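Take a look at the letters that make up each chain.
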Amino acid sequence: MATEPLLIPSSRRKLSNPSILCPLPEDGEISIPIPSSPSSPSSLKDRLIFGAAASPSSRVTRSPLAPDEEPRLERDGEDVTFVRWPSAKSNLHRSRTAPAMSTINDVSDHADTDLPPPRRPSIISQAFIFLFLYLAVGVLVYTIQRTNFSAAETHPVVDALYFCIVTMCTIGYGDITPRTPAAKFFSITFVLVGFGFIDILLSGMVSYVLDLQESLLLGAVRKANQKSYIVDVKKGRMRIRLKVSLALGVVVLCIGVGTGVLRFVERLDWLDSFYLSVMSVTTVGYGDRAFKSMTGRLFASVWLLVSTLAVARAFLYLAEARVDKRHRMMAKWVLGRHMTVAEFLAADIDHNGYVTKSEFVIYKLKEMGKISEKDIMLICDKFDKLDTGNCGKITLSDLIEGHH
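Residues numbered from 1 in each chain as written. Predicted model: local features only at pLDDT ≥ 70, side-chain atom pairs only at ≥ 80, totals over all residues. Heavy atoms only, no water.

**Some details on the overall build of the protein**
1) Next: Broken down by element type, the protein carries twelve helices and six strands.
2) Next: For the protein, the residues scored as buried account for 30% of the 404 residues in total.
3) Next: Counting only contacts in the protein whose residues sit at least 6 apart along the sequence, the fraction spanning at least 24 positions is 57%.
4) Next: Total accessible area on the protein is roughly 26,400 Å²; 63% of this is exposed by carbon and sulfur atoms. (Helix = DSSP H or I, 4+ residues; strand = E, 2+ residues; numbered from the N terminus. Buried < 20%, exposed > 50% of the residue type's maximum accessible area, 1.4 Å probe, protein only. Contact = heavy atoms within 4.5 Å. Areas by Shrake-Rupley, 256 points an atom, 1.4 Å probe, with all protein chains shown as cover.)

**Brief notes about a positive patch on the surface**
1) Next: A surface patch of positive charge is lined by Arg241, Arg322, Lys325 and Arg326.
2) Next: If you trace the backbone, Arg326 turns up in helix α8 (residues 294–336).
3) Next: Exposure remark for Arg326: the relative accessible area of 54% places this residue in the exposed category. (Patch = residues over 30% accessible without salt bridge, like charges linked within 9 Å, V, L, I, M, F, W, Y side chains within 5 Å. Salt bridge = Lys/Arg side-chain N within 4 Å of Asp/Glu carboxyl O. Lys, Arg positive; Asp, Glu negative; His and termini not counted. Charge placed at Lys NZ, Arg CZ, Asp CG, Glu CD.)

**Some remarks on the environment of Leu305**
1) Next: With respect to the element layout, Leu305 can be found in helix α8.
2) Next: Spatially, the C-alpha atom of Leu305 lies 8.6 Å from that of Val166, the residues being 139 residues apart in sequence.
3) Next: The residues touching Leu305, leaving out its near neighbours within four places in the chain, are Leu131, Ile165, Met168, Cys169, Leu202 and Ala300.

**Structural notes on the pattern of salt bridges**
1) Next: Throughout the structure, instances matching the rule amount to nine salt bridges.
2) Next: When the shortest N-O distance is used, the salt bridge between Asp159 and Arg297 registers 2.8 Å. Linking Asp159 in helix α4 (residues 156–168) with Arg297 in helix α8, this pair joins segments that are 138 residues apart in sequence.
3) Next: Accessibility expressed as a relative area gives 2% for Asp159, which makes it buried.
4) Next: One salt bridge in this structure joins Asp272 and Arg289, with 3.4 Å as the shortest N-O distance. Taken as a pair, Asp272 in helix α7 (residues 270–281) and Arg289 in the loop between α7 and α8 lie far apart in primary sequence, 17 residues in all.
5) Next: Owing to a relative accessible area of 31%, Arg289 belongs among the partly exposed residues under this scheme.
6) Next: Through salt bridges that share partners, Arg337, Glu343, Lys364 and Glu367 make up one connected network.

**A word on helix α3 (residues 123–144)**
Note that an α-helix has 3.6 residues per turn; residues three or four places apart therefore point the same way.
1) Next: Compared with an ideal rise of 1.5 Å per residue, which puts 22 residues at 32 Å, α3 spans 31 Å between its outermost C-alpha atoms and is within 8% of the ideal.
2) Next: Within α3, the full set of buried residues consists of Ile123, Ala127, Leu131, Tyr134, Leu135, Gly138, Val139 and Tyr142. Buried positions in α3, seen along its axis, are confined to an arc of 125 degrees and lie on one side of it. Exposed and oriented more than 90 degrees from the buried face of α3 are Phe132, Leu140 and Ile144. (Expected span 1.5 Å × (residues − 1). Arc of directions from axis to C-beta.)

**Regarding the UniProt feature "transmembrane region" (unreviewed entry) in the protein**
1) Next: Per the UniProt record, the feature "transmembrane region" (unreviewed entry) sits at residues 123–144, 156–173, 185–210, 244–265 and 298–319.
2) Next: The annotated region residues 156–173 carries 72% helix and 0% strand content, and the separation between its end C-alpha atoms amounts to 18 Å.
3) Next: Secondary structure within residues 244–265 divides into 95% helix and 0% strand; the distance between the first and last C-alpha atoms comes to 31 Å. (UniProt positions renumbered as here; feature names shortened; annotations may be inferred.)

**A word on the packing of helix α6 (residues 240–264) against α8**
1) Next: One can describe the packing of α6 onto α8 by two numbers: an axis separation of 9 Å at closest approach and a directional angle of 155 degrees. For the element pair α6 / α8, the angle class is roughly antiparallel. Relative to α8, the crossing made by α6 is left-handed. Of the residues in α8, those in contact with Ile240, Lys243, Val244, Ala247, Leu248, Val250, Val251, Cys254, Val257, Gly258 and Val261 of α6 are Phe299, Trp303, Ser307, Ala310, Val311, Ala314, Tyr317, Leu318, Glu320, Ala321 and Asp324.
2) Next: Split by residue class, the contact of α6 with α8 holds 17 nonpolar, two polar and three charged. (Axes fitted to C-alpha atoms, helices over the stretch in contact; angles between N-to-C directions. Parallel < 35°, antiparallel > 145°, perpendicular 65-115°, else oblique. Left-handed = near helix turned anticlockwise from the far one by under 90°. Nonpolar A, V, L, I, M, F, W, Y, C, P; charged D, E, K, R; others polar.)

**Section: the packing of aromatic side chains**
1) Next: Counted under the stated rule, the structure contains twelve aromatic pairs.
2) Next: Taking the centre distance of 5.2 Å and the plane angle of 65 degrees together, the rings of Phe149 and Phe163 count as edge-to-face. Taken as a pair, Phe149 in strand β3 (residues 149–150) and Phe163 in helix α4 lie far apart in primary sequence, 14 residues in all.
3) Next: Residue Phe163 is classed as buried on the basis of its relative accessible area, which comes to 6%.
4) Next: Taking 6.2 Å as the distance between ring centres and 65 degrees as the angle between the ring planes, the aromatic pair formed by Phe291 and Trp303 counts as edge-to-face. Taken together, the residues Phe291 in the loop between α7 and α8 and Trp303 in helix α8 connect sequence positions twelve residues apart.
5) Next: In this structure an aromatic cluster arises from ring pairing among Tyr162, Tyr173, Phe291, Phe299 and Trp303.
6) Next: A cation over a ring is seen here: Arg313 above Tyr317, with NZ or CZ 5.5 Å from the ring centre.
7) Next: If you follow Arg337 out to its NZ or CZ, it ends over the ring of Trp333, 4.5 Å from the centre. (Phe/Tyr/Trp six-rings, centres within 6.5 Å; stacked < 30°, edge-to-face > 60°. Lys NZ or Arg CZ within 6 Å of the ring centre and 35° of its normal.)

Next comes the structure, spelled out in structure tokens:
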């Protein structure tokens, strides 16, 4: 709607700057005149979103008005007087040409409900349920067909549980072995299911618990706002060397506990106890030594499960430390050398003769191996979908149009 200059009646005070013209108000509102000097992009953006009166970058000051005073604004040292319009509303309102905040909020709400955040399954409960079912089936089958297995029996349930854990952890002492074809077929199925499914689920459970503990520790350190030798706040994780040390400490603890139990429960000497403990924790299991007593097998049913998971986690942390060290060395090498002409041409993605900061960052990330060409293409495809105007920029109108 076109606006006409506001004609000031003779009974009113004239504007101190006659070059500033005000548009006619609508519904008792009054508009803020646009400054004669061109505004900065950030100032214009704030005016469009928040309105001229509420713009954070605007230097307009307001003060309470007396009944016999005219509305006055101070802008850039100038004294600008506006005409008071009889209205019960506030003197200053957002311009009607600005985008409605309700529309922007609708876009944001629509974006949130478009792709709801994935729900993380309760991996701990799943791991315990499937482990219980797995062991229950194994104990039931072994108890019913224990005559088809060759073993030095102690107690049917304890022997069955011990056999299931040894099979699932892929240790294979050889003290309990299947004899009949039916028992061998059951053992094949049991070890494939246990090794390929239960172990993965248990490893996921351990990873989830450790990640949760790490996030809680990181949150506590950030809240305390203190330097910590345990958590790397910049990277948002525990220090990799500390993680490796803790994992190796748990492995050593498991070996020590196993050695002590084998010495005093299985009545082995210290060397054989340490030997069997290491062979068990590392899932080697030569079979020349094994658990023979009921108490020892009951202990092994829990100890083997915990110790093998601890060893797997320690090896994973060692590999992570190795990869992290390699990434740091690669980043130091990439950022330490000078940029050649060939690299300049490769970094100039849009071939416009110069490299912007974003192009430089993308090129260096590709050199470090932190991002691939496939990842960049996926991000570019997402950008093209949001850029409905095909202008190379995502504007507010594109965002609103894309969600309608």
